[in-house]
Amino acid sequence: MPKVGVLLSGCGFLDGAEIHEAVLTLLALDQKNAEIVCCAPNIDHEVVDHLTGQATGERRNVLREAARIARGNIRDVASVDASELDALILPGGFGAAKNLCDFASKGADCTVHPAVEKLISQMLAQKKPVGAICIAPALLARLAGKRGLKAKVTIGNDPATAQAIVSMGCVHENQPVTGIAVDAQNKLVTTPAYMLGPGPAAVWEGIRKLVDQVLAMIG
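Below is a short write-up of the structure. (Residues numbered from 1 in each chain as written. Predicted model: local features only at pLDDT ≥ 70, side-chain atom pairs only at ≥ 80, totals over all residues. Heavy atoms only, no water.)

### Some words on the pattern of salt bridges
And step 1. Enumeration over the complete set of coordinates arrives at 10 salt bridges.
And step 2. A salt bridge links Glu173 to Lys152; the nearest nitrogen and oxygen atoms lie 3.5 Å apart. Placement of the pair is Glu173 in the loop between strand 9 (171-172) and strand 10 (181-183) and Lys152 in strand 8 (residues 152-153), with a sequence separation of 21 residues.
And step 3. Residue Glu173 is classed as partly exposed on the basis of its relative accessible area of 24%.
And step 4. Within the structure, one salt-bridge network assembled from shared partners comprises Lys32, Glu205, Arg208 and Asp212. (Salt bridge = Lys/Arg side-chain N within 4 Å of Asp/Glu carboxyl O. Helix = DSSP H or I, 4+ residues; strand = E, 2+ residues; numbered from the N terminus. Buried < 20%, exposed > 50% of the residue type's maximum accessible area, 1.4 Å probe, protein only.)

If you want it as structure tokens, here you go:
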């Protein structure tokens, strides 16, 4: 039974993890009988009203919000070590670009939350598979680039985000919502999901393929 980390960034696509992407990732892993380890950083974030799309001025805790998706079965990412995982997957949502790192405001010059950087860097160093969904491949590109890895990823076909990925020392490959980019050398798998997706059915196809490929890379 493979043990796979799922790194969440809150709950809700405007200020946390994209819920469809997170749940579809969990579904695909559960269908393959993987043991799932949900985790998130124990930090606060700015809340966005998902009805109006406007910031509320309120702050909530990323770990507590992500616990809604994980049904309470979740750990502080700072307590998770790559040695206990066979693979790691990052769903998207703005939280991946605002809470796990600051790509949303800094672009290619972004910094990554220290505990998030530690875990992903360990996975890269140990050549363990990492999957990233939606905007999360930008975070992955930042850390791969810092290690001198010319990683291949996709966020779909957005020119500005693709250029930022190239600026971070990686390669961007255009893919449709149902497609995946596979970097066999670095054991990375990415899919656009709601960077392009019209709805859950199309997003599911990409995420299902990503999970299958990540699991196939284990060992």
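### Here's the deal with the nonpolar core
And step 1. Ranked by size, the top nonpolar core spans 40 residues in total, and within it Leu7, Leu90, Phe103, Leu119, Ile120 and Leu139 carry the most contacts.
And step 2. Mapped by element, the contributors of at least two residues to this core are strand 2 (35-40), strand 6 (87-90), helix 3 (94-98), helix 5 (114-125), strand 7 (130-133), helix 6 (136-146) and helix 7 (159-167).
And step 3. Per element, the largest residue contribution to this core is seven residues, and it comes from helix 6.
And step 4. Among the nonpolar cores identified, the runner-up in size contains 37 residues, and Leu8, Ala87, Val189 and Val214 belong to it. (Core = buried A, V, L, I, M, F, W, Y, C linked by side-chain atoms within 4.5 Å.)

### Side note on the pairing of strand 3 (residues 44-48)
And step 1. Summarising the sheet, strand 3 and strand 4 (residues 55-61) pair through four bridges and their orientation is antiparallel. Residue pairing across strands places Val48 opposite Ala55, the latter belonging to strand 4.
And step 2. Between the end of strand 3 and the start of strand 4, which pair antiparallel, lie six residues, with Gly53 showing a positive phi angle near 80°. (Pairing = 2+ DSSP bridges.)

### A short note on unusual backbone geometry
Across the chain, the bulk of peptide bonds are trans and the bulk of non-glycine residues have phi less than zero.
And step 1. Phi at Asn33 is positive, roughly 60°, even though this residue is not glycine.
And step 2. Using a relative accessible area of 54% as the deciding quantity, one classes Asn33 as exposed.
And step 3. Phi angles above zero are rare outside glycine, and Lys127 is one such case at about 55°.
And step 4. Considering the arrangement of structural elements, one finds Lys127 in the loop between helix 5 and strand 7.
And step 5. With a relative accessible area of 39%, Lys127 lands in the partly exposed category.

### Some points on the side chain of Asp15
And step 1. The topology assignment puts Asp15 in the loop between strand 1 (3-7) and helix 1 (19-31).
And step 2. When sequence neighbours within four positions are dropped, the list of residues in contact with Asp15 reads Ser9, His45, Glu46, Val47, Val48, His50, Phe94, Gly95, Lys98 and Asn99. (Contact = heavy atoms within 4.5 Å.)

### A closer look at helix 1
And step 1. Taking 1.5 Å of rise per residue, 13 residues should cover 18 Å, and helix 1 covers 18 Å from first to last C-alpha, within 8% of that figure.
And step 2. Where helix 1 is concerned, the buried positions are Glu21, Ala22, Leu24, Thr25, Leu26, Ala28 and Leu29.
And step 3. Of the surrounding secondary structure, the elements contacted by the buried residues of helix 1 are strand 1, strand 2, helix 2 (62-69), strand 6, strand 7 and helix 8 (200-217).
And step 4. One or two residues past the end of helix 1 sits Asn33, with phi positive at roughly 60°. (Expected span 1.5 Å × (residues − 1).)

### Quick word on the sheet that holds strand 6
And step 1. Strand order in this open sheet of seven strands is 5-2-1-6-7-11-10, and the pairing throughout is mixed. Two strands in the sheet have a free side with no partner beyond their single neighbour: strand 5 (74-76) and strand 10. Recorded for the sheet is a direction-independent mean angle of 20° between the axes of neighbouring strands. (Axes fitted to C-alpha atoms, helices over the stretch in contact; angles between N-to-C directions.)

### Considering helix 5
Given 3.6 residues per turn, any residue in an α-helix points the same way as the ones three and four places further on.
And step 1. With 12 residues, helix 5 should cover 16 Å at 1.5 Å per step; its first-to-last C-alpha distance of 16 Å lies within 8% of that length.
And step 2. Lining the buried residues of helix 5 we find strand 1, strand 2, strand 6, strand 7, helix 6 and strand 11 (188-191).
And step 3. Lys127 sits one or two residues past helix 5 and shows a positive phi near 55°.

### Description of the environment of Asn73
And step 1. Within the secondary structure, Asn73 is located in the loop between helix 2 and strand 5.
And step 2. The exposure class of Asn73 is exposed, given its relative accessible area of 57%.
And step 3. Put simply, Asn73 and Cys38 are 35 residues apart on the chain and 6.9 Å apart in space, counted from C-alpha to C-alpha.

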